[in-house]
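Each chain, written out:
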Amino acid sequence: MKIRRTAGLAAAVAVAALALSACGGGSGAEESTEPSADGASTGIVLEWGGEPQNPLVPTNTNEVQGGKILDLVFSGLVYYDASGEAHNEVAESIETTDAQNYTITLKKGWTFTNGEPVTAKSFVDAWNFGAKLSNAQLSSYFFEPIEGFSYDEDTELTGLKVVDDTTFTVKLTQPESDFPLRLGYSAFYPLPEAAFTDMAAFGENPIGNGPYQLEADGAWEHNVQIALVPNKDYSGDRAAQNGGVTIKFYETLESAYNDLLAGQLDILDNVPDSAYGTFESELGDRAVNQPAAIFQSFTIPQNLEHFSGEEGNLRRQAISLAIDRDQITETIFQGTRTPAKDFTSPVIAGWSDKIKGSDVLKYDPEKAKKLWAQADAISPYTGTFTIGYNTDGGHQAWVDAVTNGLRNTLGISAEGNPYATFKELRGDVTARTITGAFRSGWQADYPGLFNFLGPLYGTGAGSNDGDYSSAEVDKLLAEGSAASSVDEANAVYDKVQELLFQDLPAVPLWYANATGGSADTVSNVEFGWNSVPLLYQVHKD
């Protein structure tokens, strides 16, 4: 796959992404079935989802369930189409002569749903809020390239300057030709002035500029659903082709899948374990099973007892070698997963299955036993190795298989650590109160290798949930970002992965397909390359 240039954008390698999620209750919604005058349908599309981890503040949302909503409610400078190509949305142009200093010009006439105009200041103020240390935003890491960003002080982004209502400039600390392509990620969305009065309250009822808006105050019924209606003043390319979207929060994937079969749910972008072998025959041409930029793993925190230093390195290698990825993907996932060969995704340009050190992903129980014994010679292992996961997202089967393999191969106590909801799991992960390993992964927003590496393994990065830190990895990530070409950058990112295979801050498992489908109640359903359905274009009459 070659990354193409688009108007106003430079060719690139990577952009930010959202952490893999799961889901979680169910409710109905009234809908109109009369066709609209312009040909778009007016039915309310019922989509599967889960309770977001946090209030819906763009710079503090780094997981898929919240991100799915934000991408409907907000419009950024650019957006990504079904194939992952970037297109200008609010931006009229993004220009640079040196890949370090950018001039961004906005299209005129954009407004937030409260009537406020979308101006250059709307972006600059939002980015400064997201970057400021004291605001402790989960996505603050994505502002690191901008001059003035600090991990130690409450500084403004001095690299941002408002020129006039529709123009602002950005100065980076080094040339980064991929910078424009990051700007469709939710961290870079604009905010109205009203948001800064009470950001917590704003997060419960966000005011955006995207194709949809919340139906009314209280439209977000926690742990039940969120109801969105078309934004009549939206002027971009993603205009709603339906009467609204209600995202229903289910407790189990099984109940969501049964609702899909019964026509009580229109779209499901996940499939329960129990349906892997049957969903394509049951849904027919409405089934989706296509490659997607999704990498899945589990993370072993750096501070976990017995998993630091030389002992920890031996144990991480042993655990990876004790996992039979081929058997698990064949018997449990039945063709909807592919064993991992690296830390990224095979749908990304520059992907390689020949990274030095990747042999640690091959099933080798004898070598695993030897390495574990070497670690025990340093300090005998005690306790139970656990993998945290959420039961509302279809993860129990693989966690049971992995931990069973660790018990049989390494002779240790190993088991799953179940959480009832994704939100509860992410809460403990974010607060660093989880007491063992935990499921992790990455779902990209634009195809680039850096996308799977910097946000997860860079020191202090917003989604570096295991608190991994390597000065050499950080240096190489910066070198790759400043590269003058995609091929040059990808060669550097291969070196990053060589180090990750030595340290294994996360244990790669497999790549996931986009799996799911739709009921016969809707049409024009298309899943994007990152597995998220393009809800704005769905028809329901």
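About the cut-offs
- Residues numbered from 1 in each chain as written.
- Predicted model: local features only at pLDDT ≥ 70, side-chain atom pairs only at ≥ 80, totals over all residues.
- Heavy atoms only, no water.
- Helix = DSSP H or I, 4+ residues; strand = E, 2+ residues; numbered from the N terminus.
- Buried < 20%, exposed > 50% of the residue type's maximum accessible area, 1.4 Å probe, protein only.
- Contact = heavy atoms within 4.5 Å.
- Arc of directions from axis to C-beta.
- Pairing = 2+ DSSP bridges.
- Core = buried A, V, L, I, M, F, W, Y, C linked by side-chain atoms within 4.5 Å.
- 1 Å grid on protein atoms, 1.4 Å probe; cavity = no way out; pocket = protein on both sides within 12 Å on 5 of 7 lines; lining within 4 Å.
- Points joined across faces, edges and corners; volume = space filled by probe spheres on them.
- Nonpolar A, V, L, I, M, F, W, Y, C, P; charged D, E, K, R; others polar.

A. Representation of the environment of F168 in the model. In this fold, F168 is placed in strand 8 (residues 167-171). Since its relative accessible area comes to 0%, F168 is described here as buried. In sequence terms F168 and I348 are 180 residues apart; their C-alpha atoms lie 32 Å from each other. Every residue in contact with F168, bar those within four places of it in the chain, is listed here: L77, Y102, T103, I104, L106, A120, F123, V124, W127, K161, V162 and V163.

B. Examining helix 10 (residues 422-431) more closely. By the burial criterion, the buried members of helix 10 are F422, L425, R426 and V429. The arc enclosing the buried residues of helix 10, seen along the axis, measures out at 95°, which places them on a common side. Looking at the buried residues of helix 10, the elements they touch are strand 16 (384-390), strand 17 (413-419) and strand 18 (437-444). In the stretch just after helix 10, R432 is the one whose phi turns positive, near 60°.

C. Spotlight on the side chain of N128. By secondary structure assignment, the location of N128 is in helix 2 (residues 120-131). Look at N128 and you get buried, because its relative accessible area is 10%. Look past the residues within four positions of N128 in its chain and what remains in contact with it is E156, L157 and L160.

D. Local environment of the pairing of strand 7 (residues 160-164). One ladder, built from 4 bridges, connects strand 7 with strand 8; its direction is antiparallel. Residue L160 lies in a different strand from strand 8, and its bridge partner there is V170. The antiparallel pairing of strand 7 with strand 8 creates a hairpin that spans 2 residues between the two strands.

E. Structural detail: the nonpolar core. Judged by nonpolar contacts, the single largest core of 158 residues is most densely connected at W127, F168, V170, F298, I319, F385 and W398. Judged by nonpolar contacts, the second largest core, of 5 residues, contains Y419, L425, I434 and F438.

F. Highlighting empty space enclosed by the protein. Its boundaries defined by the atoms lining it, the largest cavity holds a volume of some 460 Å³. Lining the largest cavity we find 29 residues, and of these D71, Y80, R238, N530 and V532 sit closest to its centre. Residue assignment for the lining of the largest cavity shows that the elements contributing at least two residues are helix 1 (64-73), strand 3 (78-80) and strand 18. Per element, the largest residue contribution to the lining of the largest cavity is 5 residues, and it comes from helix 1. In terms of residue class, the lining of the largest cavity is built from 16 nonpolar, 7 polar and 6 charged.

Function cannot be inferred from these measures alone, as they are strictly geometric.
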